[in-house]
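In case you want the letters, here they are:
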Amino acid sequence: MSRLKTITVVNVPFDLGAGRRGAALGPDAILNTGLIPRLTSLGHRVEPIRTVNPQNTTAGNSVNSLSGLLHLAEVAATNRELAHETAAIAASGGFPLVLGGDHSVAIGTISGLAQVHRKLGVIWFDAHSDLNTAETTPSGNIHGMSLSALLGKGHDLLTGLGGPSPKLRPEHVVLIGVRDLDPGEKALIAAEGIRCFTMHDIDRLGMAKVMEEALRVAGDRTDGLHISFDIDSVDPYEAPGTGTPVRGGLSYREAHLAMELLAESGLVTSAELVEVNPTLESDNRTAKLAAELICSLLGETIL
Ligand SMILES: NC(=[NH2+])NCCC[C@H](N)C(=O)O
Ligand SMILES: [Mn+2]
Ligand SMILES: [Mn+2]
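All values reported here derive from a predicted model rather than from experimental measurement. (Residues numbered from 1 in each chain as written. Chains lettered and ligands numbered in written order. Predicted model: local features only at pLDDT ≥ 70, side-chain atom pairs only at ≥ 80, totals over all residues. Heavy atoms only, no water.)

Asks: Help me understand unusual backbone geometry, please; the structure alone is not making it clear to me.
Replies: Most of the time, phi is negative for any residue but glycine, and the peptide bond is trans. Put simply, glycine 100 and glycine 101 share a cis peptide bond, and its omega is 20 degrees. Looking at the element boundaries, glycine 101 is found in the loop between strand S4 (95-100) and helix H4 (105-116). Backbone torsion omega between serine 165 and proline 166 reads -5 degrees, so that peptide bond is classified as cis. Take proline 166: it is sitting in the loop between helix H6 (156-159) and strand S6 (173-178). At histidine 71, a residue that is not glycine, the phi angle is positive and equals roughly 55 degrees. (Helix = DSSP H or I, 4+ residues; strand = E, 2+ residues; numbered from the N terminus.)

In structure tokens, the structure reads:
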């Protein structure tokens, strides 16, 4: 696959999947750093931006405490629309670049991609694993349930979105940067045999080795490779503007190295960058980091 891509940015200003508001401002903050001209100067063709128009308001809301899932109707409606976008872009051979929004948008992004890539590999960068279900969630926040939904575990409105469930096979999924797991998530990782590179593994092996193995799991014998990047995988010192920060994360260089190695692999077919919350910082530090990481993923190098 060519290193130069036709990229379509899809904005998803939605944050009802998270426990606090603000990530809906992420797409604008990231774009404001000058991301598009930077991508163009790398040689990519950048199509007009698409924006999913979610019902991102709690007025007349659907907080559904019976199902244990907060704002389920809004999350499902937003992701249905998003799935249409990513499916159409991928089907035309383009590179979908989704800007969230909270991490519940991965449900729509990947459900759309799965319509085109029958054996999609996913590398999921996150402090968390987002493998809760209505039964195991400590919060009710759907951004903590997106990966389990894609693996076919959870509410029908989420698992069945945009095509048959499951969207992903556990053997094609890799988690990187993990350091905060709920008990039910640990059980699911073990039961499904999901490859999980925790911060401990990154400390021991180094990021280069971790990426080599991650690419083998998600990049070999798959027909597409998606990068789902939760900015809270990076240490809060570098990425303070996010809703659920956890100490002890990826360093600035570890995060960039991971993106550079993915670019070198030539295997990546789509990406999303989520959980940037500009209301939690004053200097746009986290949005700038997000834009930089996207550029590294899409071929920017130091030399
Ligand atoms: N995408 C995220 N930032 N997820 C955070 C999830 C936190 C916690 N595990 C929960 O389920 O509520
Ligand atoms: Mn996440
Ligand atoms: Mn997270």
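And the narrative resumes.
Asks: Please clarify how the pairing of strand S5 (residues 120-125) should be interpreted in this entry.
Replies: Burial analysis of S5 places six of its six residues in the buried class, which makes it a mostly covered element. By the alternation rule, side chains of S5 split into Leu120, Val122 and Trp124 and Gly121, Ile123 and Phe125, which are all buried. In this structure, S5 lies alongside strand S8 (residues 224-230), joined through six bridges in parallel fashion. Within S8, the position partnered with tryptophan 124 by the bridge is serine 228. Here S5 runs beside S6; their pairing, made up of four bridges, is parallel. Directly across from tryptophan 124, in S6, lies its bridge partner leucine 175. (Buried < 20%, exposed > 50% of the residue type's maximum accessible area, 1.4 Å probe, protein only. Pairing = 2+ DSSP bridges.)

Asks: Before we go on, may I ask you to explain the pattern of salt bridges in this structure?
Replies: If charged atoms from side chains of opposite charge come close, those side chains can pair. All told, the structure shown has 10 salt bridges when counted by the stated rule. Put simply, arginine 50 and glutamate 85 hold a salt bridge, and the shortest N to O gap is 3.0 Å. Placement of the pair is arginine 50 in strand S3 (residues 50-51) and glutamate 85 in helix H3 (residues 72-91), with a sequence separation of 35 residues. Overall, the relative accessible area of 14% leaves glutamate 85 in the buried class. Two residues, glutamate 213 and arginine 195, come together in a salt bridge whose shortest N-O distance is 2.9 Å. (Salt bridge = Lys/Arg side-chain N within 4 Å of Asp/Glu carboxyl O.)

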